[in-house]
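# Coordinate inspection notes
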Amino acid sequence: MNISITKNTAPAKKPENAEYGFGKIFTDHMFIMEYDADQGGWHDARIVPFQNLSLHPASTVLHYGSEIFEGLKAYRTKTGEVQLFRPIENVRRLNRSAERMCLPTIPEDDALEILKTFVSVEYDWVPTAPGTTLYLRPFMFGNDQSLGVHSVSSVTYVVIASLASSYFKEGLNPVKIMIETEDVRAVRGGTGEAKCGGNYGASTRAGQRAAELGYSQVLWLDGVERKYIEEVGAMNVMFRIDDEIVTPALDGSILPGITRKSCVELLKSEGYTVHERLLSVDELVDAMKNGRLKEAWGCGTAAVISPIGELCYKDEVYVINNGEIGEVSQHLYDTLTGIQRGDVEDRFNWICPIKKG
Ligand SMILES: *Cc1c(COP(=O)(O)O)cnc(C)c1O
């Protein structure tokens, strides 16, 4: 594919200390291309100086929520190379989300080339301080200039990048989670398995209520019976019950996380008993009461592994593993971040090296 590159002639000064926060400091460039059904599809693929977008006030995304996104990171190794972690998985998921939302797909090779070319242009922006990364945010939205409700014919695809601080400053701090019994995130047949902005809009209220009570995220139950465990906040969730590792099966309303998939593949390859299955909140509560729940953790690109130290269900508080990180959680964190940083051998061929542009 042909990607034109217009260099930013006034590049920003990169911050001197590594307190970037998350998603606030953007790089000098962005990737953008448009799709028009009547112009033969995707066109004008280009990397340009980072800039505002200009939208028609009737643009589809502003009214009907026609938007999907992805999230992945570029990592700097000790020896100074830059690499991505399983970017083909993000590309495939982007296309599955696009299909669900009636947005156009991007040929896999092209979508991958876009990511690699963009990161090669922003190579020097990939930070070097321990734990820091360059977070890539690809997103696509319907951009018809009309209020008619129908499938879109004009679409925009953009990739931006921003600096991300180390997620955990002093090791992995277990978080407190509240099991949400009122709001639901998704239902089967809905958009739960698509990575779309709308899922987030609807889940803000529960997160806000949990935060007011001192919890950092909610654990979602299924949308029909409010009985089965789904995910935690914007992460997938895993439990160690005795010596079984359990994570909810992908039943149509759960986001298929790449970190989740990597944890499952890694643990299985090491001989752990891993089951993707239905897990009811009653089974979980029983396991907590009987001391059989040894560990619980969320997993996702941002935090990698986020140990859960406390779960609250219907005003009852359960402490897990004394509120400390468990051995499997720590092992997963060390191994995944080790592979991402090039410190642990990449037995699975997950790493995608990037050349400086
Ligand atoms: C992105 C996301 C995840 C985690 O997916 P990763 O590919 O591991 O980053 C989990 N749940 C939701 C709702 C998400 O949006």
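Above: the structure in question.
What you see is a predicted model, and the numbers here were worked out from it, not measured in a lab.

Let us now look at the site of the ligand. Contacts to the ligand come from 14 residues, most closely from Lys195, Tyr200, Glu231, Thr259 and Thr301. Here Glu231 contributes a side-chain N or O atom positioned 2.6 Å from a nitrogen atom of the ligand. The contact in question runs from an oxygen atom of the ligand to an N or O atom on the side chain of Thr301, over 2.6 Å. Contact with the protein chains covers 95% of the free accessible surface of the ligand, which is 380 Å². Residue composition of the shell around the ligand, grouped by class: 5 nonpolar, 5 polar and 4 charged.

Time to look at the packing of aromatic side chains. One pair of aromatic rings is described through two measures. These are the centre distance and the angle between the planes. Under the criterion given, the structure shown has 9 aromatic pairs. Ring centres of Phe22 and Tyr135 lie 4.9 Å apart, and the angle between their planes is 65°; on these two criteria the pair is classed as edge-to-face. A residue pair is termed long-range when its members are at least 10 positions apart, and Phe22 in strand 2 (residues 22-26) and Tyr135 in strand 8 (residues 133-142) qualify at 113 residues. On the basis of relative accessible area, Phe22 is assigned to the partly exposed category, the value being 43%. Residue Tyr135 is classed as buried on the basis of its relative accessible area of 9%. With a centroid separation of 5.5 Å and 65° between ring planes, the pair formed by Phe69 and Tyr200 is classed as edge-to-face. Pair noted here: Phe69 is in strand 5 (residues 67-69) and Tyr200 is in helix 4 (residues 197-212), with a separation of 131 residues, a long-range link. Tyr200 sits in the partly exposed class, given a relative accessible area of 35%. Each member of the aromatic cluster is reached from another via a ring pair, and the members are Phe31, Tyr35, Trp42 and Tyr157. The ring of Trp125 carries Lys14 above its face, with NZ or CZ at 4.8 Å from the centroid.

This part covers the pattern of salt bridges. When the charged atoms of two side chains lie near each other, side chains of opposite charge can form a pair. On inspection of all chains with the given rule, the structure shows 21 salt bridges. Where Lys78 meets Asp343, a salt bridge forms, and the shortest distance between an N and an O atom there is 3.2 Å. Placement of Lys78 in the loop between strand 6 (72-76) and strand 7 (82-85) and of Asp343 in the loop between helix 7 (327-341) and strand 19 (351-354) is noted, with a sequence separation of 265 residues between them. Of the residues examined, Lys78 reaches a relative accessible area of 73% and is grouped as exposed. On the basis of relative accessibility, which here comes to 46%, the residue Asp343 falls in the partly exposed class. Of the charged contacts, one joins Arg209 and Asp183 as a salt bridge, the two residues approaching to 3.4 Å between their closest N and O atoms. Placement of the pair is Arg209 in helix 4 and Asp183 in the loop between strand 10 (175-179) and helix 4, with a sequence separation of 26 residues. Through salt bridges with shared partners, one network takes in Glu180, Glu182, Asp183, Arg205 and Arg209.

About the thresholds
Within every chain, residues take consecutive numbers counted from 1 along the sequence as written. A pLDDT threshold of at least 70 governs which residues receive local features in this predicted model, and a stricter bar of 80 or more applies before side-chain atom pairs are shown or counted, although totals over entire chains, interfaces and linings include all residues. In computing side-chain values, all of the structure's heavy atoms are included and hydrogens and water are not. Note on terminology: near, applied to a residue and a molecule or strand, indicates that one of the residue's heavy atoms is within 4 Å of it. Pairs of N or O atoms are called polar contacts if they sit within 3.5 Å, as long as, within protein, a hydrogen donor faces a hydrogen acceptor (for residues adjacent in sequence, only side-chain-to-side-chain pairs). Surface accessibility follows the Shrake-Rupley procedure with a 1.4 Å probe radius. Residue values consider only the protein chains on display as shielding. Any residue outside Ala, Val, Leu, Ile, Met, Phe, Trp, Tyr, Cys, Pro, Asp, Glu, Lys and Arg is labelled polar, Gly included; the first ten of those are nonpolar and the last four are charged. In summary, the pairing rule links any two rings of Phe, Tyr or Trp, Trp by its six-membered ring, whose centres are within 6.5 Å, and it sorts them by plane angle into stacked for under 30 degrees, edge-to-face for over 60 and tilted for everything else. Here a helix means four or more residues in a row that DSSP labels H or I, a strand means two or more in a row labelled E, and each is numbered from the N terminus. Whether a residue is buried, partly exposed or exposed follows from its accessible area with a 1.4 Å probe, protein chains only, as a fraction of its type maximum: under 20%, in between, or over 50%, in that order. Any Lys NZ or Arg CZ found within 6 Å of a ring centre and within 35 degrees of that ring's normal is scored as a charge over the ring. By salt bridge we mean one thing: a side-chain nitrogen of Lys or Arg within 4 Å of a carboxyl oxygen of Asp or Glu.

Read these as layout, nothing more, since geometry by itself doesn't imply function.
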